[in-house]
Every structure is written in C-alpha cells, then in structure tokens.
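Examining the three-dimensional arrangement
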Amino acid sequence: MSNQTILSAIFILSWLTLLFMKKADIKRLIPVGLFATVTSAMILEVGITFGWWVYPVKLYPLQNVPYLYGPIPVATMWLLKFTYGRFWLYVGADFLLNLFYTLVFENYFLGNRGVIQFQSVSPMLDVFMTSALGVIIYAYQIWQEGIFVRSETMSPSRSLNLQPALKPFNNNEDDAEK
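Residues numbered from 1 in each chain as written. Predicted model: local features only at pLDDT ≥ 70, side-chain atom pairs only at ≥ 80, totals over all residues. Heavy atoms only, no water.

**Considering the pattern of salt bridges**
Going through the model one piece at a time under the given rule, you end up with two salt bridges. Where Asp25 meets Lys81, a salt bridge forms, and the shortest distance between an N and an O atom there is 2.9 Å. Placement of Asp25 in helix α2 (residues 23-49) and of Lys81 in helix α4 (residues 71-83) is noted, with a sequence separation of 56 residues between them. Between Arg28 and Glu145 there is a salt bridge, and its shortest N-O distance comes to 3.0 Å. Of this pair, Arg28 sits in helix α2 while Glu145 sits in helix α6 (residues 123-153), and the two are 117 residues apart along the sequence. Overall, the relative accessible area of 25% leaves Arg28 in the partly exposed class. Residue Glu145 is classed as buried on the basis of its relative accessible area of 16%. (Salt bridge = Lys/Arg side-chain N within 4 Å of Asp/Glu carboxyl O. Helix = DSSP H or I, 4+ residues; strand = E, 2+ residues; numbered from the N terminus. Buried < 20%, exposed > 50% of the residue type's maximum accessible area, 1.4 Å probe, protein only.)

Here it is in structure tokens:
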C-alpha cells in the first residue's frame with residue numbers, strides 16, 4: 001500500500017467515524033476540534049521551523065492535511081464526548097492516546113515508511129507536549145461550555161427587558177381617522 005493511500009485513509013476514515021456521533025454532540029464539540037487543529041498546526045509549524053521533525057511525504061497538493069485535519073480534531077471530539085466532566089480520566093486517556101499515536105503509529109509505523117522523521121525531539125517529548133496541549137484543550141472546552149450555557153439562559157429579549165405590545169399596531173385605525 002502506498003504512503004499516499006495511507007495518508008488519504010487517515011484523513012477520510014477519521015471523519016467517517018463522526019457518522020456514529022449524535023448531531024448535537026458534533027455541534028457542541030466542533031469548536032474544540034477546530035481549536036485543537038489550530039493549536040496543533042502552530043506546534044507543527046514551530047517544530048518544522050526548529051527542525052524537531054520532518055514530514056518528507058506529503059499528501060498532494062497539501063502538506064500536513066492528514067495529521068492536522070483528520071485524526072486531531074476528530075479524536076479530540078471523541079475523547080471529550082466520553083470524558084468531559086471527569087478531568088483525570090480525560091488526562092489519563094489523552095496521555096495514553098498520545099502515547100499510542102506518537103510512539104506506535106507515527107514513530108514506528110509511519111517512521112518506518114519514511115512519512116515522518118523525528119530529529120532533534122524525541123517521540124516521548126512529543127507525547128508530553130501534546131498531552132500538555134490536551135490540558136489547554138480541556139480548559140478551552142470548559143470555557144466553551146460556559147458560553148453555551150450563558151447564551152441559552154440569556155436570550156436577547158430577556159437581556160433588553162423587552163415587553164410585548166399592549167395592543168397590536170393596526171394600520172386600519174389610522175385610515176379610519178383620515
């Protein structure tokens with residue numbers, strides 16, 4: 001199987017798993033998935049700039065699509081779906097997921113195929129960096145949940161203290177006076 005096929009499958013299969021998630025959960029968790037993607041992209045770019053790792057094989061025409069836009073947002077959404085509200089369970093599951101993904105999948109499987117090469121950063125340090133990012137992602141979801149709760153309890157009409165009209169406006173009365 002070619003590296004291009006593997007990278008395409010990583011991207012597509014990740015998103016197909018969301019067919020098994022409820023629509024309400026997807027709506028609730030998509031912001032944190034996007035946040036995870038943006039923060040991971042920044043770390044990835046810093047790592048490439050400082051020579052921490054190299055991705056010699058790209059998914060044409062884009063460079064790091066399968067890593068950033070496939071498993072990262074989707075795995076974040078699934079992880080938070082099952083562990084949100086239980087911080088230590090989230091931290092433990094996130095660490096184990098990062099450990100498996102980095103050591104087994106990236107370093108062993110993709111590394112042996114020449115897709116990724118860790119250079120001046122060890123794979124274990126990458127696990128700790130992504131786990132620290134996981135704590136930031138969890139904090140972001142707490143903040144996000146607070147926004148949704150606040151917006152549901154405060155509708156615009158309640159915040160402006162608007163009252164319904166006592167009597168409906170009727171254009172016919174104006175016509176009768178003339």
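**Remarks on a nonpolar patch on the surface**
The grouping of Ile12, Leu13, Leu16, Leu19 and Phe20 at the surface amounts to a nonpolar patch, some 590 Å² of accessible area in total. Note that Leu13 resides in helix α1 (residues 3-16). Residue Leu13 is classed as exposed on the basis of its relative accessible area of 54%. (Patch = residues over 30% accessible without salt bridge, like charges linked within 9 Å, V, L, I, M, F, W, Y side chains within 5 Å. Areas by Shrake-Rupley, 256 points an atom, 1.4 Å probe, with all protein chains shown as cover.)

**Here's the deal with the side chain of Asn98**
With respect to the secondary-structure elements, Asn98 resides in helix α5 (residues 87-112). Residue classification places Asn98 among the buried residues on the basis of a relative accessible area of 13%. Residues within four places of Asn98 in sequence aside, it is in contact with Leu103, Val127, Thr130 and Ser131. (Contact = heavy atoms within 4.5 Å.)

**What about the nonpolar core?**
Across soluble globular proteins, nonpolar side chains show a tendency to be buried alongside one another. In this structure, Leu7, Trp53, Tyr55, Tyr67, Leu110 and Val115 are the most contacted members of the largest nonpolar core, which totals 16 residues. Of all the secondary-structure elements, those providing two or more residues to this core are α1, α2 and α3 (65-68). It is α1 that provides the largest number of residues to this core, a total of three residues. Aside from chain neighbours lying at most four places away, what touches Trp53 is Ile43, Leu44, Gly47, Ile48, Gln117, Phe118, Gln119, Val121, Asp126 and Met129. Judged by nonpolar contacts, the second largest core, of 15 residues, contains Leu18, Met21, Val74 and Met77. (Core = buried A, V, L, I, M, F, W, Y, C linked by side-chain atoms within 4.5 Å.)

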